[in-house]
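Structure at a glance
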Amino acid sequence: MCELRIGRVGAGLTGVRTADLAFDGDQVVVDGHVIGDAAEVLSVAEQVRALVAQSDEAFIPVWWEQGEECRECEDLVRLDGFYRVTAAAVTVVRVTRVDVSVTLQRVRGFSAPAFELRVLGALRAGASGTPAYWHALPDAATGYEQGAITPAMKDRACAPLGRRVESRGLTVFTHAQLRDSTVDFFVSATDWYVGAPSLTVDGSVVVGRQVRQSSRWTLSNGVMRVHGVESSGAVVMDRWDGVRWVEIGEWLAGRPADTIAGRLPLAAPHALTVLHNSAELVAIRLSSDAASMYPGSRFVVNLDLSLRRGAPFVEVALSTRGLYKWGYRSPMLYTAMTATGDHLSTAGWQQAIGTRSDTSGITADDDGFAVVSEIVARQRQEWLWGVRPATDTVASVYAQWTAAMSERVSVVAR
């Protein structure tokens, strides 16, 4: 038997083992089962259930992975391509096995369709400097065509996808006229999610927007990743160095204070919400109670984290219903943005404290973290937490952040 990959279903877990295929025009009905330990099987079942309800991916890649035991199924790879999911059903046979049935509709030119990417951008509110309008695609993408411009290109490494062993790469396209433009390209089903952001909760990749509550979440695109800390409002950030993940440290938003000892950090979130979940962007919201920072208060503080395909930074937005002063502490200290750092944090209101190696004035309980000074009271603050890839400078990463970008991919007939 072959293992079937339907979008993100089975990513990093057991895939769907196909038993029967039925064809009716462009429609394919796949019946199969998932066998494994209880947690793994139920996770895949949840992913299958979410295929129909998801609103952020109008179409998904589908491909068959062949093992040593399924050489007789080699013809199944002819079905690899892009589909729309029209129905999905799950039957729990026992806790270690579920039967699934998925109905797929082929898109026009399903095995090699043309993709149209709409890139939108604008100078981020409150940011300074010249924005660098950009987007990233798997380095296996071909047929790139914008029509009027030739963007600058550079490579960006990212971690292996799913069970693959080899590290994959991205191509980053940058040009001033990429803002509000349309790009055509092609990439195969098996490479579609290279460098794409994903949200993992309790070891299972989330499909759609339904998610169970847990502090064990990870937001990653293979270039960088951030993950939660149990019983804490902190966020840990790692970077991919081309071989392995390297931890940078914790970031912690909160209420600045006049003294280091008086700072009040954001409490552990009581809710995790998925705002968007596609190959172009994953955005989540961490909701916490403000009581830990403002005793007697019972309003909600929302910390939104957004990660794009290939981005070396996560976009952070903190919002509340009232006017308050906010800040954050970072694992690194800066006097200025220099190209010597391999990770950075910046926003128009950040106060620099010392240098990367200077911890003078920081007490032992800070563990080398920088503390941001108080700022003007606002309902919303935006900044970035990021890394510096080998092919970038800190200034170029900042310029990419100042270009507030969004993307939307459509499949079109050739």
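Model, not experiment: these values are computed from the prediction.

1. Side note on the nonpolar core
Ranked by size, the top nonpolar core spans 98 residues in total, and within it F115, W192, W217, L219, L305 and W385 carry the most contacts. The leading source of residues in this core is helix 1 (residues 38-53), at six residues.

2. Some points on the layout of surface pockets
Taken as a whole, the second largest pocket encloses approximately 310 Å³ of empty space. Taken together, 21 residues line the second largest pocket, and the ones lying closest to its centre are R124, L281, A283, S306 and E315. For the lining of the second largest pocket, the leading source of residues is strand 28 (residues 403-412), giving four residues. Partitioning the lining of the second largest pocket into residue classes produces eight nonpolar, four polar and nine charged.

3. Considering helix 2 (residues 394-402)
Within helix 2, eight of the nine residues are buried, leaving the element largely enclosed by the surrounding structure. Considered for burial, the residues of helix 2 that qualify are V394, S396, V397, Y398, A399, Q400, W401 and T402.

4. As for the pairing of strand 12 (residues 181-186)
In this structure, strand 7 (residues 114-123) lies alongside strand 12, joined through five bridges in antiparallel fashion. Looking across to strand 12, one finds that E116 is bridged to D184. Bridge analysis of strand 9 (residues 142-145) against strand 12 gives two bridges, and the strand direction is antiparallel. Note on strand 12: the bridge partner recorded for T142 is F186.

5. Remarks on the sheet that holds strand 1 (residues 3-6)
Reading around the circumference, 1-2-3-6-5-4 is the order of the six strands in this closed barrel, with antiparallel pairing throughout. Here the average twist between neighbouring strands, direction ignored, is 35°. One ladder, built from seven bridges, connects strand 2 (residues 16-24) with strand 3 (residues 27-35); its direction is antiparallel. In the sheet register, D24 faces strand 3, and the bridge partner there is Q27. Across the sheet, helix 1 lies against strand 1, strand 2, strand 3, strand 4 (60-65), strand 5 (81-94) and strand 6 (97-106), angled at about 135° from strand 5, the strand it touches most.

6. Details of the pairing of strand 11 (residues 168-174)
Across the seven residues of strand 11, six count as buried, placing the element largely inside the fold. Relative to strand 11, strand 8 (residues 134-138) is paired through five bridges, and the arrangement is antiparallel. Of the residues in strand 11, the one forming a bridge with L137 is T171. Examined bridge by bridge, strand 10 (residues 152-158) and strand 11 share seven bridges and lie antiparallel to one another. Its bridge partner lying in strand 11, A157 is registered against G169.

Calculation rules
Residues numbered from 1 in each chain as written. Predicted model: local features only at pLDDT ≥ 70, side-chain atom pairs only at ≥ 80, totals over all residues. Heavy atoms only, no water. Core = buried A, V, L, I, M, F, W, Y, C linked by side-chain atoms within 4.5 Å. Buried < 20%, exposed > 50% of the residue type's maximum accessible area, 1.4 Å probe, protein only. Helix = DSSP H or I, 4+ residues; strand = E, 2+ residues; numbered from the N terminus. 1 Å grid on protein atoms, 1.4 Å probe; cavity = no way out; pocket = protein on both sides within 12 Å on 5 of 7 lines; lining within 4 Å. Points joined across faces, edges and corners; volume = space filled by probe spheres on them. Nonpolar A, V, L, I, M, F, W, Y, C, P; charged D, E, K, R; others polar. Pairing = 2+ DSSP bridges. Axes fitted to C-alpha atoms, helices over the stretch in contact; angles between N-to-C directions. Contact = heavy atoms within 4.5 Å.

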